[in-house]
Amino acid sequence: MESGGFGSINKSIAMLSLCGVMLIAIIYGFVAYIEPKPTPLQGFTAPFVFGKFRVPVDNPLTQEAVQLGRRLFYDKQLSGDNTVSCSTCHLQHLAFTDGKARSVGVSGKTLDFNSMSLANLMWGPRHFFWNGRVDSLEEQALAPIQDPNEMAQNLDDLIDELEADDVYPGLFRSAYGKISAENIARALATFERTLISADSKYDQYLRGELKLSAEEELGRKLFMAHPDVKVSLRGGNCIDCHSQFLTSGFNAQFDGFSNNGLDTEALLNPGLQFTTGQVTDRGKFKVPTLRNIALTAPYMHDGRFTTLEQVLDHYNEGIRVSDSLSPLIMEADNQPQDAVNIRISLNLNEEEKRAVIAFLHTLTDHSFITEDKFSNPFDADTMPDA
Amino acid sequence: MRKLLSMSVASGLLLTGAAIYVYQVSQPGTVRMRFDAVVGNKPLVFNDARYSNPGGAGMFRIRDFQFFISNIDLHGEKGVYRVPDSYYLARFDNSSTSYQINLANVPRDWYSAVTFSIGVDEVANGSIMSVGDLDPNSRMAWNWEVGYKFLLFEGALIDSDTIRPLVYHVGFNENRKTLRFNLPEEVAPDSSDALLFTVDVLALFTGKNTVDMAALPNVKFDRDDARLLAGNYGTMISLTARP
């Protein structure tokens with residue numbers, strides 16, 4: 001009796017565990033089936049002179065995510081009234097800016113800021129927006145969607161819309177799994193990470209494929225040098241803030257933010273102070289990339305300059321003094337300074353100013369603004385442009 | 001029977017314990033170095049004109065101060081351990097105005113001295129590869145032709161109502177200074193204390209030669225000026241005396 005009883009218990013335990021194992025196997029199989037297995041992006045490269053880059057571990061670069069992100073970027077469904085997409089203010093042929101002094105979104109109200117070019121976003125400051133208020137592209141992506149003046153979209157409504165769409169459920173399933181605000185942000189960020197501009201004349205020069213013209217070469221030298229009258233070195237001191245290969249701000253901490261003398265103390269916009277709370281950061285702004293700069297007018301955070309000539313005039317003779325003004329700008333001068341009456345000026349001559357502008361034109365990358373992979377996918381397929 | 005069993009268990013445990021111990025003491029560990037910044041006998045405070053011009057009139061403020069520490073060697077009983085790719089950009093704009101280096105995977109040994117350079121060796125200085133904290137797109141990059149700034153000091157000198165920018169960018173291969181510190185006590189990896197160093201920012205202007213900031217408000221590409229400041233920064237780091 002006793003042993004028989006034990007025997008049957010043993011048997012049922014065995015049966016039960018068998019069932020358990022099978023159940024686990026079935027669940028596992030199911031999960032493995034629905035868990036997406038996106039394909040790592042093939043052939044993704046960047047010039048070594050750009051330096052190291054980091055992709056978040058929880059958002060690797062995959063083909064499916066890029067495809068989804070690209071579609072979202074160009075889709076007007078992302079705005080509350082379906083009239084505005086990211087690309088409204090970030091147009092490929094303008095290196096992902098909008099040509100306006102300050103952008104305009106669904107509300108029709110002019111925003112406070114000039115649209116920013118989206119190129120080589122994995123390098124340079126790891127803080128986004130002119131005042132550096134967000135630390136990742138994922139975090140950035142949800143800001144314009146919800147901003148009442150930009151796209152004025154409620155995220156829950158957006159998720160409902162995307163779920164009801166013919167295409168998105170499948171795209172999300174293969175890239176991430178479900179449709180969520182987080183995954184929308186991840187996909188947009190992934191697409192933006194692929195926007196690499198590395199085939200300008202300057203890049204070709206760096207790769208040793210061509211020579212710059214004499215004027216461009218003079219401009220390059222001036223761009224890359226802080227002037228020193230003591231050793232007769234002439235310079236435009238641009239490299240003090242715009243790094244030599246990326247031409248953007250520096251990536252360490254907030255080193256890529258600076259006050260380049262646009263306004264006097266009284267008129268200074270808070271800038272980085274908004275983000276750090278430090279008074280000493282008042283009037284500092286993100287040093288933007290100068291890649292494709294000839295295409296991204298108007299210039300500066302409020303679009304105050306319409307031409308590169310005006311920008312050069314600003315650096316050469318238009319600097320306004322304030323407390324956080326960069327000492328490098330105050331000090332940079334191609335003529336011996338008068339120790340008592342300091343007049344801030346680079347004192348470049350007209351030929352030199354033109355040369356710097358000629359160099360800036362070598363940063364234009366035609367393949368970047370015509371690259372198919374970055375273009376509007378709705379133009380290519382039959383999807384109605386909502 | 002019981003006795004024998006417990007005895008063998010006990011000795012087994014002991015043996016494993018001993019083995020683990022031997023294994024652990026032969027494993028590499030971490031050596032930490034901490035650099036605390038001061039300005040003469042005052043604490044370092046950024047963006048505040050609280051320090052006197054050492055060689056003349058006026059008060060100065062510091063907006064940025066950073067320099068490269070490179071080629072760290074630890075001198076032990078078994079030999080010299082060269083820390084691979086050791087290029088560190090020391091900066092002090094944090095709440096404790098200190099900079100800490102954690103050297104991981106340091107071989108087990110008793111170390112009695114440490115050497116390192118202020119600046120960057122000639123090979124790395126002539127390269128545009130990103131190694132350690134070396135980054136040709138960073139603010140320490142000078143330009144392609146001359147390599148890195150070894151030390152950067154930016155600020156302003158304020159005298160009555162004139163504000164003069166101060167820009168000291170010191171580089172050039174000849175200005176790399178290699179310093180040696182004999183440690184008061186030998187250290188082994190994973191010991192609880194960091195090696196403590198004091199960095200005196202003021203020594204940049206008072207070390208070997210006293211500098212009047214009004215007379216020399218900037219140092220960049222002039223070799224003599226750069227040499228003068230490099231002579232001074234060669235004296236700015238010392239071992240912190242333990243209380």
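Remember, predicted model here, so these are calculated numbers, not experimental data. (Residues numbered from 1 in each chain as written. Chains lettered and ligands numbered in written order. Predicted model: local features only at pLDDT ≥ 70, side-chain atom pairs only at ≥ 80, totals over all residues. Heavy atoms only, no water.)

A. Region of the structure containing the overall build of chain A. Across its full length, chain A holds 15 helices and two strands. By the burial criterion, 52% of the 386 residues in chain A qualify as buried. Within chain A, counting contacts between residues at least 6 apart in sequence, those at least 24 apart form 66% of the total. Split by element, the accessible area of chain A, about 18,200 Å² in all, is 57% carbon and sulfur. (Helix = DSSP H or I, 4+ residues; strand = E, 2+ residues; numbered from the N terminus. Buried < 20%, exposed > 50% of the residue type's maximum accessible area, 1.4 Å probe, protein only. Contact = heavy atoms within 4.5 Å. Areas by Shrake-Rupley, 256 points an atom, 1.4 Å probe, with all protein chains shown as cover.)

B. Expanded view of the pattern of salt bridges. Taken as a whole and judged by the stated rule, the model has 34 salt bridges over all chains. The partner of B:Asp73 in a salt bridge is B:Arg82, with the nearest N and O atoms 2.8 Å apart. On the accessibility criterion, B:Asp73 (9% relative accessible area) is buried. Among the ionic pairs, B:Asp190 bridges to B:Arg108, the shortest N-O distance being 3.2 Å. Highlighted residues: B:Asp190 in the loop between β12 (177-187) and β13 (195-200) and B:Arg108 in the loop between β7 (98-106) and β8 (111-118), separated in sequence by 82 residues. Residue classification places B:Asp190 among the partly exposed positions, given a relative accessible area of 49%. Connected through salt bridges with shared partners, the residues A:Asp255, B:Arg63, B:Asp64, B:Arg91, B:Asp93, B:Arg139 and B:Glu154 form a single ionic network. (Salt bridge = Lys/Arg side-chain N within 4 Å of Asp/Glu carboxyl O.)

C. Spatial organisation of the interface of chain A and chain B. Counting from both sides, the interface comprises 36 residues of chain A and, opposite them, 35 residues of chain B. When the two sides are added together, the surface that chain A and chain B hide from each other amounts to roughly 3,000 Å², 54% of it contributed by carbon and sulfur. Applying the counting rule to chain A against chain B returns six salt bridges. Note that A:Lys230 is salt-bridged to B:Asp225, the shortest N-O span being 2.5 Å. Here the element with the most residues in the side of chain A that touches chain B is helix α12 (residues 327-331) of chain A; it accounts for four residues. Residues that form the side of chain A that touches chain B fall into these classes: 19 nonpolar, 10 polar and seven charged. (Buried area = accessible area lost by both parts, 1.4 Å probe. Nonpolar A, V, L, I, M, F, W, Y, C, P; charged D, E, K, R; others polar.)

D. Main features of the nonpolar core. Judged by nonpolar contacts, the single largest core of 70 residues is most densely connected at B:Phe35, B:Phe65, B:Phe67, B:Phe92, B:Phe116, B:Phe153 and B:Ile237. Broken down by element, the residue count for this core peaks at eight residues, all from strand β4 (residues 59-76) of chain B. Beyond its immediate chain neighbours, meaning those up to four positions away, B:Phe153 contacts B:Phe60, B:Ile62, B:Asp64, B:Phe65, B:Leu166, B:Val167, B:Tyr168, B:Val201, B:Leu204 and B:Phe205. Core analysis: the second largest hydrophobic core is formed by 44 residues, A:Leu162, A:Leu188, A:Leu195 and A:Phe378 among them. (Core = buried A, V, L, I, M, F, W, Y, C linked by side-chain atoms within 4.5 Å.)

E. Structural detail: the layout of surface pockets. Residues and elements named next belong to chain A. In this structure, the second largest pocket occupies an estimated 840 Å³ of space. What lines the second largest pocket is a set of 36 residues, among which Arg54, Gly124, Arg126, Asn251 and Ala252 lie closest to the centre. Considered class by class, the residues forming the lining of the second largest pocket number 16 nonpolar, 10 polar and 10 charged. (1 Å grid on protein atoms, 1.4 Å probe; cavity = no way out; pocket = protein on both sides within 12 Å on 5 of 7 lines; lining within 4 Å. Points joined across faces, edges and corners; volume = space filled by probe spheres on them.)

F. Highlighting the confidence of the model for chain A. Residues and elements named next belong to chain A. The predicted model of chain A has a mean per-residue pLDDT of 92, with 88% of residues at 70 or higher. A low-confidence stretch, residues 1-7 stays under pLDDT 50, and its non-local contacts, those more than four residues away or across chains, total zero contacts. In this model, residues 382-386 is a region of pLDDT below 50 whose contacts with residues beyond four sequence positions or in other chains number eight contacts. (pLDDT = per-residue confidence, 0-100.)

G. Expanded view of the side chain of A:Glu331. Relative to the elements of secondary structure, A:Glu331 occurs in helix α12. A polar contact is formed between the side chain of A:Glu331 and the side chain of B:Lys220, at a distance of 2.6 Å. If we skip the residues at most four places from it in the chain, A:Glu331 touches A:His226, A:Gln337, B:Pro165, B:Val167, B:Asn218 and B:Lys220. (Polar contact = N/O pair within 3.5 Å; in protein donor to acceptor, adjacent residues only side chain to side chain.)

H. Inspection of the pairing of strand β10 (residues 147-159) of chain B at higher detail. Residues and elements named next belong to chain B. Summarising burial for β10: 11 of the 13 residues are buried, a large majority. Examined bridge by bridge, β4 and β10 share eight bridges and lie antiparallel to one another. Bridging across to β10, phenylalanine 65 finds its partner in phenylalanine 153. Pairing of strand β9 (residues 141-143) with β10 involves two bridges; the strand directions are antiparallel. The residue of β10 that forms the bridge with alanine 141 is tyrosine 148. Counting the residues between successive antiparallel strands, the hairpin from β9 to β10 contains three residues. Inspection of the sheet shows β10 paired to strand β11 (residues 162-171) by 10 bridges, in the antiparallel sense. (Pairing = 2+ DSSP bridges.)

I. Region of the structure containing a negative patch on the surface. Residues and elements named next belong to chain A. On the surface, Asp156, Asp157, Asp160 and Glu163 cluster together into a negatively charged patch. Residue placement: glutamate 163 occurs in helix α5 (residues 155-164). Looking at glutamate 163, the relative accessible area reads 44%, which means it is partly exposed. (Patch = residues over 30% accessible without salt bridge, like charges linked within 9 Å, V, L, I, M, F, W, Y side chains within 5 Å. Lys, Arg positive; Asp, Glu negative; His and termini not counted. Charge placed at Lys NZ, Arg CZ, Asp CG, Glu CD.)

J. Examining the packing of aromatic side chains more closely. Scanning the model with the defined rule gives 31 aromatic pairs over all chains in all. Pairing A:Phe73 with A:Tyr74 gives two aromatic rings, centres 5.3 Å apart and planes at 70°, and the pair type is edge-to-face. Site record: aromatic cluster; members linked through ring pairs are A:Phe73, A:Tyr74, A:Phe96, A:Phe191, A:Phe368 and A:Phe374. When the ring centre of A:Phe129 is taken as reference, the NZ or CZ atom of A:Arg133 above it lies at 3.7 Å. Directly above the aromatic system of B:Phe172 lies the positively charged group of B:Arg223, at a separation of 3.9 Å from the ring centroid. (Phe/Tyr/Trp six-rings, centres within 6.5 Å; stacked < 30°, edge-to-face > 60°. Lys NZ or Arg CZ within 6 Å of the ring centre and 35° of its normal.)

K. Summary view of the state of the cysteines. Residue and element names in this part refer to chain A. The tally for this structure, following the rule as stated, stands at zero disulfides over all chains. Residue cysteine 86 stays outside any disulfide, its sulfur separated by 8.7 Å from that of cysteine 89, the closest cysteine. Overall, the relative accessible area of 13% leaves cysteine 86 in the buried class. (Disulfide = S-S within 2.5 Å.)

L. Expanded view of empty space enclosed by the protein. Residue and element names in this part refer to chain A. Going through the model one piece at a time under the given rule, you end up with four cavities of 30 Å³ or more. Taken as a whole, the largest cavity holds about 60 Å³ of empty space. As for the largest cavity, its lining consists of Asn259, Asn260, Gly261, Leu262, Asp263, Leu268, Asn269, Gly283, Phe285 and His301. Of the residues that constitute the lining of the largest cavity, the class distribution is three nonpolar, six polar and one charged. Here the second largest cavity is characterised by a volume of approximately 50 Å³. Forming the walls of the second largest cavity are Asn237, Tyr315, Ile319, Ile329, Ala332, Ile344, Ser345 and Leu346. By residue class, the composition of the lining of the second largest cavity is six nonpolar, two polar and no charged.

M. Focus on helix α4 (residues 137-146) of chain A. Residues and elements named next belong to chain A. Burial analysis of α4 places seven of its 10 residues in the buried class, which makes it a mostly covered element. Turning to α4, its buried residues are Leu137, Glu138, Gln140, Ala141, Leu142, Pro144 and Ile145. Where α4 is buried, its residues meet α5 and α7 (181-193).

N. Representation of helix α9 (residues 214-223) of chain A. By the burial criterion, the buried members of α9(A) are A:Glu216, A:Glu217, A:Gly219, A:Arg220, A:Leu222 and A:Phe223. Contact partners of the buried residues in α9(A): α8 (201-206) and α13 (350-361) of chain A.

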